Amino acid sequence: MIRDDIYEYSLDAHHDEDTGKKMRAKIWKVTLLLTIITAVEVICGAVIKQSSDWWTVTKWFFIALTLVKAGFIVLSFMHLGDERKGLKYVILVPYFIFILYLIFIALWEGLAVGASWPATYAG
Amino acid sequence: MSPFSTSYGKLMMWFFLVSDALTFGGLLVAYGFTRHATDQAWPIGEETFNSMPFLGHGYPLLYVALMTFILIVSSVTMVLAVEAGHRMDKKGVIKWMIATIIGGFFFVGSQAWEWSHFIHGSEFGKIELADGSQAIVKGHFGEFENFTIVEAGHHHKKGQTIKAGEDMTAQEMMHEYQHAAVAGHIHGDTITLHDGSRATFAKEANEHMELIIKKDGGDYKVGDKIEDHKKAAEMYDKVIGSGEKNRVIYGANLQQNEYGPQQYAQFFFFITGFHGFHVFSGVIINILILMMVVRGTMHSRGHYEMVEKTGLYWHFVDLVWVFVFTFFYLV
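In this text, all values refer to a predicted model and were calculated from it rather than measured experimentally.

Focus on the overall build of chain A
So, step 1. Scanning chain A from terminus to terminus reveals four helices and zero strands.
So, step 2. Moving toward the C terminus, one meets the helices and strands of chain A in the order α-α-α-α.

Brief notes about the overall build of chain B
So, step 1. Across its full length, chain B holds nine helices and 12 strands.
So, step 2. The C-alpha atoms of chain B give a radius of gyration of 26 Å, which is well past the 20 Å a tight globule of 331 residues would have.
So, step 3. Projected onto its principal axes, the C-alpha coordinates of chain B cover approximately 85 × 45 × 30 Å.
So, step 4. With 331 residues in all, chain B has 44% of them scored as buried.
So, step 5. If you take every contact in chain B between residues at least 6 apart in sequence, the share linking residues at least 24 apart comes to 67%.

So, the interface of chain A and chain B
So, step 1. Taken residue by residue, the interface counts 54 residues in chain A and 54 residues in chain B.
So, step 2. Counting only elements with at least two residues in the side of chain A that touches chain B, the list comes to helix H1 (4-10), helix H2 (17-47), helix H3 (55-77) and helix H4 (85-116) of chain A.
So, step 3. Broken down by element, the residue count for the side of chain A that touches chain B peaks at 15 residues, all from H4(A).
So, step 4. Tallied by class, residues from the side of chain A that touches chain B come to 31 nonpolar, 14 polar and nine charged.

Some points on the environment of B:Val294
So, step 1. Mapped onto the secondary structure, B:Val294 falls in helix H7 (residues 262-294).
So, step 2. A C-alpha to C-alpha distance of 47 Å links B:Val294 and B:Asn257, two positions 37 residues apart in sequence.

A few points about the domain arrangement of chain A
So, step 1. What the domain assignment reports for chain A is domain 1 (23-82) and domain 2 (84-123).
So, step 2. On a C-alpha basis, the centres of domain 1 of chain A and domain 2 of chain A stand 22 Å from each other.

Regarding the nonpolar core
Inside soluble globular proteins, nonpolar side chains tend to come together where they are buried.
So, step 1. Grouped together as the largest cluster of nonpolar side chains are 63 residues, with contacts concentrated most on B:Ala81, B:Val93, B:Val307 and B:Phe325.
So, step 2. Looking at this core, the elements with two or more residues in it are H2 and H3 of chain A together with helix H1 (8-37), helix H3 (62-86), helix H4 (90-120), H7 and helix H9 (305-330) of chain B.
So, step 3. With sequence-adjacent residues up to four places away left out, B:Ala81 is seen in contact with B:Val93, B:Trp96, B:Met97, B:Thr100, B:Val307 and B:Gly311.
So, step 4. Listed in part, the 33 residues of the second largest apolar core include B:Ile136, B:Phe147, B:Ala180 and B:Ile249.

Observations regarding the confidence of the model for chain B
Residue and element names in this part refer to chain B.
So, step 1. Mean pLDDT for chain B: 91, with 99% of residues reaching 70 or above.
So, step 2. The element-level mean pLDDT for chain B is lowest in strand S2 (residues 56-57), coming to 74, with H7 highest at 96.
So, step 3. Quick note on the complex model: pTM equals 0.88, ipTM equals 0.89.

Section: the sheet that holds strand S10 (residues 207-215) of chain B
Residues and elements named next belong to chain B.
So, step 1. Here five strands make up an open sheet; going across it, the order is S11-S10-S4-S3-S12 and the pairing antiparallel. Since the sheet does not close on itself, it has two edges, and those belong to strand S11 (225-226) and strand S12 (248-249), each with one partner.
So, step 2. Pairing analysis gives two bridges linking S10 to S11, with the strands arranged antiparallel. Each bridged residue has a counterpart across the sheet, and for Leu211 the counterpart in S11 is Ile226.
So, step 3. The strands touched by helix H6 (residues 229-240) within the sheet are strand S3 (126-128), strand S4 (134-140), S10, S11 and S12, with S10 carrying the most contacts at an inclination of about 65°.

Some thoughts on H2(A)
Working note: α-helix, 3.6 residues per turn, so residues spaced by three or four point in the same direction.
So, step 1. In this model, H2(A) (31 residues) spans 45 Å end to end at C-alpha, consistent with the 45 Å of a helix rising 1.5 Å per residue.
So, step 2. Of the surrounding elements, those touching the buried residues of H2(A) are H3 of chain A together with helix H2 (45-48), H3 and H9 of chain B.

Thoughts on H4(B)
All names here are of chain B.
So, step 1. With 31 residues, H4 extends 45 Å between its outermost C-alpha atoms, agreeing within 8% with the 45 Å of an ideal straight helix rising 1.5 Å per residue.
So, step 2. Turning to H4, its buried residues number three or more, namely Val93, Trp96, Met97, Thr100, Ile101, Gly103, Gly104, Phe107, Gln111 and Phe118.
So, step 3. As for H4, its buried residues are in contact with H3, H7 and H9.
So, step 4. Taken from the residues just after H4, Gly121 is the one with a positive phi, measuring 80°.

Describing the pairing of S10(B)
So, step 1. Sheet topology places S4(B) next to S10(B); six bridges connect them, and they run antiparallel. Within the sheet, the bridge partner assigned to B:Ala135 lies in S10(B) and is B:Ile213.

So, the environment of B:Met97
So, step 1. Its place among the elements puts B:Met97 in helix H4.
So, step 2. When neighbours within four sequence positions are excluded, B:Met97 is seen to be in contact with B:Ala81, B:Asn286, B:Leu290 and B:Val293.

Some remarks on the sheet that holds strand S6 (residues 161-163) of chain B
Residues and elements named next belong to chain B.
So, step 1. On the basis of which strands lie adjacent, the open sheet formed by five strands has the order S6-S5-S9-S8-S7 and antiparallel pairing. The open sheet is flanked by S6 and strand S7 (186-187), the only strands paired with a single partner.
So, step 2. Sheet analysis places strand S5 (residues 144-151) next to strand S9 (residues 198-203), joined by six bridges and oriented antiparallel. Bridge pairing links Phe144 to Lys203 in S9.
So, step 3. Across the sheet, helix H5 (residues 170-183) is in contact with S5, S7 and strand S8 (190-192); its angle to S8 comes to roughly 90°.

Details of the pairing of S9(B)
Residues and elements named next belong to chain B.
So, step 1. Of the pairings in the sheet, the one linking S8 to S9 comprises three bridges and is antiparallel in character. Counterpart to Thr192 in the pairing with S9 is Arg198.
So, step 2. Where S8 folds back onto S9 in an antiparallel hairpin, the turn is made up of five residues, including Gly196, whose phi is positive at roughly 95°.

Quick word on unusual backbone geometry
All names here are of chain B.
So, step 1. For Ser5, which is not glycine, the phi dihedral falls at a positive 50°.
So, step 2. With respect to the helices, strands and loops of the structure, Ser5 is situated in the segment before H1.
So, step 3. Owing to 13 C-beta atoms within 10 Å, Ser5 belongs among the partly exposed residues under this scheme.
So, step 4. Positive phi outside glycine occurs at His208, with the angle close to 50°.
So, step 5. The topology assignment puts His208 in strand S10.

Definitions and limits used
- Residues numbered from 1 in each chain as written.
- Chains lettered and ligands numbered in written order.
- Predicted model: local features only at pLDDT ≥ 70, side-chain atom pairs only at ≥ 80, totals over all residues.
- Helix = DSSP H or I, 4+ residues; strand = E, 2+ residues; numbered from the N terminus.
- Rg over C-alpha atoms; globule rule 2.2 N^0.38 Å.
- Buried ≥ 20, exposed ≤ 12 C-beta atoms within 10 Å, placed from the backbone.
- Contact = placed C-beta atoms within 7 Å.
- Nonpolar A, V, L, I, M, F, W, Y, C, P; charged D, E, K, R; others polar.
- Domains from an automatic or database assignment.
- Core = buried A, V, L, I, M, F, W, Y, C linked by C-beta atoms within 7 Å.
- pLDDT = per-residue confidence, 0-100.
- Pairing = 2+ DSSP bridges.
- Axes fitted to C-alpha atoms, helices over the stretch in contact; angles between N-to-C directions.
- Expected span 1.5 Å × (residues − 1).

This is the structure:
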């Protein structure tokens, strides 16, 4: 059976032992970073109470750290950072446009619903 | 020529992942909608999830941190399998894929434990106070000593003493106690057991009791705390021993929820369940690909791209968990 879909590009992905060594070093570095970020998140979550004055800052700090983690997973583990620019943007741009719009519209609507029908929603 | 310089299979995997990411994005946004719309006290991660297997309570967020770490590590072993594949190192691919599969099973198992814990709830449950407010309870639950039957039922005879650890395990006594508490079958220190017999029970006093108000009532408002241990213990015993139905809720299901608004439990089950389903199917796909690797299918093809494609799916599962972790457990 002729597989014209795999021959052309899949074989390009090979690399030699030296490149492999460098890649593995990078993988372990990213692992260490993700572990440290998770540990920091858990310690902050256990120590800083939601009633504290620092809570709003902590919350945004958590969300920022989450995005950093997600960035490392997508760009490094999923190798999207090494793909062609065209592929990278075809994946990321539409997703970000749509999801940011959805977040904005749904959370804004949520606040309005909560203000209009207090106590009837989520009892 | 292709502008993306990538194979058909890999491109389609990416397109699938984008659509799956939109599904999860939609679910998490719906959760955010509910959270913004509600005026009820939302459950706090470190209060809701503070147990460890074998160790009991008092470990806020530690178990879920461990789960997160396991999933991250299994993502790392997957990326190492992909790297080994690029060097045509069959042994390396097999080694790292097995490690990934083990990590996946550990995660699914952990999630099962977490669900079971969430469904069964705490030892104290959430109580409804006399003024209509609702409170969750912190403290140390006193051990059961015995039940002494004062009125015979189908099974137990009058005058019989059921000792903890001998005639009934502590767990069974707890089960009897919680069941009776929900049904309004505890009056002071007498309890009606499953078989219809009535007994007086002896148990150690609950210690370090503290009530945290989670729903407004006549006297108490959300966020109020009753920190006087003695007063909190008295209030708790009064509710449990009131003999009234449904004054206490243990755990969460689709009808009621100890931890907070009902929607919280529904989203928790749906989103972590949907994610767990992804992890489970990821493990199955990994096993299938591993079998192909072992049989040498990839090697004779001249490349290990299938490993890379399942790897993409596996990393995606990890990626989703990063967000679930933040929005369910942290913020």
